[in-house]
Structure formats: structure tokens, C-alpha cells
Amino acid sequence: MFFLLFAGYFMLRPVRETMGIVGGVENLQWLFTGTFLATLAAMPLFGWIAGRVQRRRILSWVYGFFTLNLIAFGAAFLFDPDDVWVARTFYIWLSTFSLIAISVAWSVLVDVFSTSQAKRLFALMAAGASLGGLTGPLLGVFLVGRVGHAGLMFLSAALLVSSALAAHGVQRWRERHALAADDATQRQRPLGGSPFAGATEVLKSPYLLGIAVFMLLLASVSTFLYFEQARMVHAVFPHRTDQTRVFGVIDIIVQTLSILSQLLITGRIARKLGVGVLLVAVPLIAATGFLWLAFAPTFAVLAVVMVVRRAGEYALVRPGREMLYTVVEPEAKYKAKNFNDTVVYRGADAVSGWVKAGIDMIAQQPTIAMLLGVAIALVWGLNGGALARAQRRIEATAALNS
């Protein structure tokens, strides 16, 4: 499921970065704002689907909708590949799609597996995502010159359908090996509730609100580095095809490191040292990277920082933050989790994008933004440690009550 999803997404990710530059590096904050608004518009629709279809079929409905979108974009790129508004729309769409599709896939896993199983298995399952994230850019780099951006859209649509079929197989497996006597029956019922239940669940739970803060800080760190990447790539590689290849090569390196980490160390860290190490290590690495960039603002340094931070996020932060949801109720695993993964994340993207653009415009000096990034990363690490402690308390309480 993860391999097919990430292969299709990461095949298109370099295309998205290129389309962002086509729309103008100086306009990236507008694209981030557009993505946030698109995510806000999508949330009630997702909440409506999650509340009314069988729990085990939520992913199939969502992926089916996105498949139709990909086919439409393929047709648009086929007939007018140079339209700047198609480029901007695709950038916003893929940015919205990526968070929702990936969040729903993880929702299936946190719904299907217990906390103890998650600590043992999630890193290995995330390795499937990283393998897909490695395969996708390779496909994109080698195929973009042959089939164009339109051909990549159609191939990605086929991979997304295949991922949905794999997810259906996972759900069927759990129904045959239910965690509780009534688990299979409950899985065939809709979750019910309001389309806006995700937001209300987060606001009334200190634990879920803490995860929301974690997502906000994660997005802010990512956005600061992302804007620097776009600015430097635009300056060093002026041609669109070269930009797509550069972004693809960075993705290939990131996913290779992620796979090695997920297969060799992530599961061992989670079992022996706990979730806290997964959530704290990367913020400390990011703080160090920002400090390095503040004093050596070159493309080579940026590339190293981006690769290490992103590989750490996929190998450590992602499995760790998903484990946080194994101790919450089923509705929160889909609705509250998706709200945090999409609306909170993209809202932080939009705000931090404007902050970064404003700092660069006023100060004309990227060093100031990098030093601010150091402070944000350190707060992010403190928040991750607090969440890990809260997760252990909730898990221990549930074990005593069972």
C-alpha cells in the first residue's frame, strides 16, 4: 500500500516543485496560502465521507476521487503543457492530495494495529513508503523526457488505484484476525459524527492539541528550508527540466537513507528507547542545520541539511508521530488525525511562508530567518518529548483499565 502510494506521489513531487518555480519563486507564499484554503475546503468533504461510509472503505472513496483528479490533470498537461494557471493549480492540488492521501493511509494502520504492534512494525511499513519514494523519483527522472508530465499523471493514477486495492487487503486481513470480538463488526459501520468533528476533537483534547502544535512546528521548520531550496535551485539551475531532475535526485538520496534507517535502526529505537527519541532527534538535527546555514548559506550546505532533515523525518518522526495515535479512539484516528495532518500543517505552511517571505524582503538577509528556524526547531523538540511522555501515560492507564 505505502510503496504504491509513495511511488505515484514522489514521481510527481519533482514536477510540483518545478511548477512552483514556473509560477514564480517570489509567489510561493501565495501558493502555500492557496494550498491552505484548498485544504480547508476539502476537510468538510472528507469529514462527510468518513462519517457516512464504512470505516474500512474510507480510503477507497478518497483514493477514487483523487484518481479522477489525476486523470483530469493528465488531460490538461496533454493539451496545454505551458499554461501557468494549470501549473499553479497542480501545485496546490498535489500539496493538498499528498497530506490527505498519506494521512488516510496511516489512519488505516493506526486503526488496524495495536501500540505494541506499531512499535515493532511501523518502521518496516514506513520502509515500503521510502522504497516507493525512491522508485517514484527514478521513474520521474527517466520517464519525464519520454512521456512528459501528462504521462506521469496517468501512471500515478494507476499506482494510486493499486494502492487502494492493497489497503483493502490489509483491512480484510484485520477482519479475519480481529483485535477484539466486535472489531470486525465495528469496522463495517460508519464512524458517524459531524463533518467538522476532526477540529472539535482536537480542540477538546489536550493530547490531540499537543500533536497539533507538533505539526505546526514541523511545518514551520519544513517551510523555512523549502523556501531556501526553491530560491537556490532557481538561481543555480535556470532550466525547467534541470530543476525537475535536481529535485528528483534529492528525493532519491533522501529515500535511500530513509530505507536504510527504517530497516536497521528505527524499530530498535522505538522498542528500546521509546517514541520520545523518534520525536526529539530530528528537531535537534534541524536546529543544527539552521545554524550551519546561517553561517554558510550555499546550495551544497542546503542540500545536505535538506537531505538529512527529510530522511530523519521519514525514518524517525513519521513513524513516531503515527504511534501517538494508537492510543486514541477510532474517530480521532481518522478525523482528528486528518485535521492535524492537513489543516494544521497547511495552515502553518501558509503562515510561516509569509513570515519567511517577509523576513527576506525586509532584512534582505537569509541568516535572520535561519536563526529563527533554530528557535522553532528547539521548541519543536521540547514539544515532541512532552508528547512521548503523555502517550506513555495514556497507554499505561488503558492497560490498567483493561
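Residues numbered from 1 in each chain as written. Predicted model: local features only at pLDDT ≥ 70, side-chain atom pairs only at ≥ 80, totals over all residues. Heavy atoms only, no water.

**A closer look at the overall build of the protein**
Our working definition: To qualify as a helix, a DSSP run of H or I must reach at least 4 residues; to qualify as a strand, a run of E must reach at least 2; elements of each kind are numbered from the N terminus. The buried label goes to any residue with under 20% of its type's maximum accessible area, the exposed label to any with over 50%, and the partly exposed label to all in between, with areas taken from a 1.4 Å probe on protein chains only. We call two residues in contact whenever any of their non-hydrogen atoms come within 4.5 Å of each other. For the accessible areas, the method is Shrake-Rupley and the probe is 1.4 Å, while residue cover comes only from the protein chains on display.
In terms of regular secondary structure, the protein is built from 13 helices and zero strands. When the elements of the protein are put in sequence order from the N terminus, they spell out α-α-α-α-α-α-α-α-α-α-α-α-α. The principal-axis extent of the C-alpha atoms belonging to the protein is close to 60 × 45 × 40 Å. Per-residue burial over the protein gives 58% buried out of 402 residues. Taking as baseline every contact in the protein between residues at least 6 positions apart, the subset at least 24 positions apart corresponds to 86%. When the accessible surface of the protein is split by element, carbon and sulfur atoms take 69% of a total near 15,900 Å².

**Observations regarding the environment of Ala377**
Along the chain, Ala377 turns up in helix α13 (residues 366-401). When the C-alpha positions of Ala377 and Asp82 are compared, they lie 38 Å apart, and in sequence the two are 295 residues distant. With residues near it in sequence (within four places) discarded, Ala377 still touches Val221, Pro283, Ala286 and Ala287.

**Describing the packing of aromatic side chains**
Formally: Two rings belonging to Phe, Tyr or Trp (six-membered ring only in the last case) form a pair when the distance between their centres is within 6.5 Å. Interplanar angles under 30 degrees mark stacking, angles over 60 mark edge-to-face geometry, and anything in between is tilted. Over a ring means this: the NZ of a Lys or the CZ of an Arg is within 6 Å of the ring centre and within 35 degrees of the ring normal.
For the structure on display, the rule yields 18 aromatic pairs. On the basis of an interplanar angle of 80 degrees and a centroid distance of 6.0 Å, the ring pair of Phe10 and Tyr314 is categorised as edge-to-face. Residue Phe10 is found in helix α1 (residues 2-22), and its partner Tyr314 is found in helix α11 (residues 299-323); the two are separated by 304 residues along the sequence. By relative accessible area, which is 0% here, Phe10 ends up buried. For Arg88, the ring lying beneath its charged end belongs to Trp85, and the centroid distance is 4.7 Å. Just above the ring of Tyr325 sits the side chain of Lys337; from NZ or CZ to the centre is 5.3 Å.

**Looking at a nonpolar patch on the surface**
Note the cut-off: Two joining distances apply to patches: 9 Å for like charges and 5 Å for nonpolar side chains (Val, Leu, Ile, Met, Phe, Trp, Tyr), and every residue must have over 30% relative accessible area and no salt bridge. When a carboxyl oxygen of Asp or Glu is within 4 Å of a side-chain nitrogen of Lys or Arg, the pair counts as a salt bridge.
On the surface, Leu68, Ile71, Leu78, Phe79 and Phe154 cluster together into a nonpolar patch covering about 560 Å² of accessible area. Looking at the nonpolar patch, the element that brings in the most residues is helix α3 (residues 58-79), giving four residues. Among the structural elements, Phe79 can be located in helix α3. The exposure class of Phe79 is exposed, given its relative accessible area of 71%.

**Examining the pattern of salt bridges**
Think of it this way: side chains of opposite charge can pair up when their charged atoms draw near. Counted by the stated rule, this structure contains eight salt bridges. Between Arg309 and Glu313 there is a salt bridge, with the nearest N and O atoms lying 2.5 Å from each other. With Arg309 and Glu313 both in helix α11 and four residues apart, this pair spans about one turn of that helix. There is no split in this pair, since Arg309 and Glu313 are both buried.

**What about the nonpolar core?**
As a reminder of what qualifies: Only buried residues count toward a nonpolar core. Its members are Ala, Val, Leu, Ile, Met, Phe, Trp, Tyr and Cys residues joined through side-chain atoms within 4.5 Å.
Counting 118 residues, the largest nonpolar core has Leu5, Leu59, Tyr63, Phe90, Phe97 and Trp380 as its most contacted members. The element best represented in this core is helix α4 (residues 84-112), accounting for 17 residues. Once you skip the residues sitting within four places of it in the chain, Tyr63 turns out to touch Leu5, Ala101, Ala105, Leu160, Ser163 and Ala164. Within the second largest apolar cluster, five residues are counted, among which are Phe32, Tyr91, Tyr226 and Phe227.

**Brief notes about the side chain of Gln229**
Position of Gln229 relative to the elements: it lies in helix α8 (residues 206-236). With relative accessibility at 4%, the residue Gln229 sits in the buried group. Excluding anything up to four places from it in sequence, Gln229 contacts Phe247, Ile250, Leu302 and Met306.

**A closer look at a positive patch on the surface**
This is how the line gets drawn: Only four residue types enter the charge count, namely Lys and Arg as positive and Asp and Glu as negative; His and the chain termini do not. The location of each charge is read from NZ of Lys, CZ of Arg, CG of Asp or CD of Glu.
A contiguous patch of positive charge on the surface is contributed by Arg120, Arg268, Arg271 and Lys272. Here Arg120 is to be found in helix α5 (residues 115-176). Take Arg120: its relative accessible area is 45%, and that puts it in the partly exposed class.

Fair warning: the whole summary comes from geometry, so function is off the table for now.
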